[in-house]
Amino acid sequence: MRPRAWCGVLAAVALSATACGGGGGGGGGEAEKTDGAGAGARSGFPVSVTDCMGVKTTFDAAPKKIVTSNAAGLELLMWLGAGDKAAGTGFPPGNGAMPGQYADRAAKVPVLGRTVIPKEKLLGSGADLYVDAFSSMKNMGRMGDAPTAEEFKAAGIKHVFLKSTACAAMNKTPRTDLSGVEADIEELGKVTGTSARAAELVQEMRKKTGAVRDALKDVPAEKRPSYFFFDYDAGTKQPMAVCNRQVANAVIGMAGGRNVFDGCDGDFKPVGWEDVVAKNPDWIQLGVRNRGSDEANAKAFDEAAEFLRTFPATKDLTAVKEGRFLRIGSERTTIGGVRSADTVREIAHTLHPDRVK
């Protein structure tokens, strides 16, 4: 794979904000106040979770200090009501990337790395939990120097994954719904003692996506418009396809579109511009990362659109000539979270305005 293309994909994954909501300390507070064998059971602990390869980690109580690999994990803690436990993050959120109600609090979280957190900083952070969106990094081009399981253990840090993102390439079947994202929310809710809040968030997500599903239920597959996610930040020399294991495939399909590269297995795959032209998509999403301000974001979207209008291979595509572009950031589409349901609804409204208001 082209290094430049991977760089764009990695940054898109890292900067994306994921979601999960949450109430207060729940079980964690009870475990701290109560001694005896019954305390863990009353608080919902012990809790066991697995990584992408099925290795199990057990928590006897909610963590007190949490570091997140990126803004996605940080946002998830905020939604869950566990944001006060955030002790550091990598890939911090740009201005406007975090939901407004959490922006001030998120801005106060120490930044341990502008990109990947250096290993020595992560291991010396004093955290007892690391929430990771990158898996082992083997499927991410081994970006950075990830601590080993033995090093995490020696530092007293337990390691959990946002599997809907970290394990996407390892999925054995295509992603057609948000069940993996919902499982991440529920799992981190259990770990942080905020299961009740996690359940509320998942229920609200299902309400939103269910309304879209009902509105589009009688639209046959062949009548649903084809859709290309243009990952502008992965580079323009060779486009990067969103494949059928990526959460964006589910978001597009649930919104009533047909991902033009839903036939490729995996999460991302470099393709040729001739492949995009052959697909002749009805709609093109201009996928750019948050630039830190509305003005900078608008400029980046304009640049992506202008590239497609002037690039010889794409300038004559009908979607390009008619300006059928969606200006929705990469993070909201390729990283699963609470707001994935909102992205489904936004895309559906654009593709089917008469059905999804």
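The structure under discussion appears in the preceding block.
What counts as what
- Residues numbered from 1 in each chain as written.
- Predicted model: local features only at pLDDT ≥ 70, side-chain atom pairs only at ≥ 80, totals over all residues.
- Heavy atoms only, no water.
- Axes fitted to C-alpha atoms, helices over the stretch in contact; angles between N-to-C directions.
- Helix = DSSP H or I, 4+ residues; strand = E, 2+ residues; numbered from the N terminus.
- Parallel < 35°, antiparallel > 145°, perpendicular 65-115°, else oblique.
- Left-handed = near helix turned anticlockwise from the far one by under 90°.
- Contact = heavy atoms within 4.5 Å.
- Nonpolar A, V, L, I, M, F, W, Y, C, P; charged D, E, K, R; others polar.
- Pairing = 2+ DSSP bridges.
- Disulfide = S-S within 2.5 Å.
- Buried < 20%, exposed > 50% of the residue type's maximum accessible area, 1.4 Å probe, protein only.

What to know about the packing of helix α10 (residues 195-216) against helix α16 (residues 340-351)
Right, so step 1: Packing of α10 against α16 brings their axes to within 9 Å, and their N-to-C directions diverge by 20°. The angle between the axes of α10 and α16 places the two elements in the roughly parallel class. As for how α10 packs across α16, the hand of that crossing is left-handed. Touching Met-205, Lys-208, Thr-209 and Val-212 of α10 are Ala-341, Asp-342, Val-344, Arg-345 and Ala-348, all from α16.
Right, so step 2: Of the residues contributing to the contact of α10 with α16, the split by class is 5 nonpolar, 1 polar and 3 charged.

Considering the sheet that holds strand β8 (residues 226-231)
Strands in a sheet are paired, the pairing made by backbone hydrogen bonds, and the direction either parallel or antiparallel.
Right, so step 1: Here we have 4 strands laid out as an open sheet, ordered β10-β8-β12-β13, and parallel in their pairing. One side of each edge strand has no neighbouring strand; the edge strands of this open sheet are β10 (258-259) and β13 (325-326).
Right, so step 2: Relative to β13, strand β12 (residues 283-287) runs parallel, the two being bridged by 2 bridges. If you follow Gln-285 over to β13, its bridge partner there is Leu-326.

Side note on the side chain of Arg-245
Right, so step 1: Tracing the chain through its elements places Arg-245 in the loop between β9 (240-242) and α11 (247-254).
Right, so step 2: If sequence neighbours within four positions are ignored, Arg-245 has contacts with Ala-168, Asn-171, Lys-172, Thr-173, Pro-174, Arg-175, Asp-265, Gly-266 and Asp-267.

Examining the state of the cysteines
Right, so step 1: Across all of its chains, the model carries 2 disulfides by this definition.
Right, so step 2: For Cys-52, the disulfide goes to Cys-167, at an S-S distance of 1.9 Å. Where Cys-52 bonds to Cys-167 through sulfur, the torsion about that S-S bond is close to -80°, and the disulfide is left-handed. Of the two residues, Cys-52 sits in the loop between β1 (47-50) and β2 (56-59) while Cys-167 sits in the loop between α8 (163-166) and α9 (179-192), which places them 115 residues apart along the sequence. Comparing Cys-52 with Cys-167, the two get one shared label, buried.
Right, so step 3: When the cysteines engaged in disulfides are numbered in sequence order, the protein chain pairs them as 1-2, 3-4.

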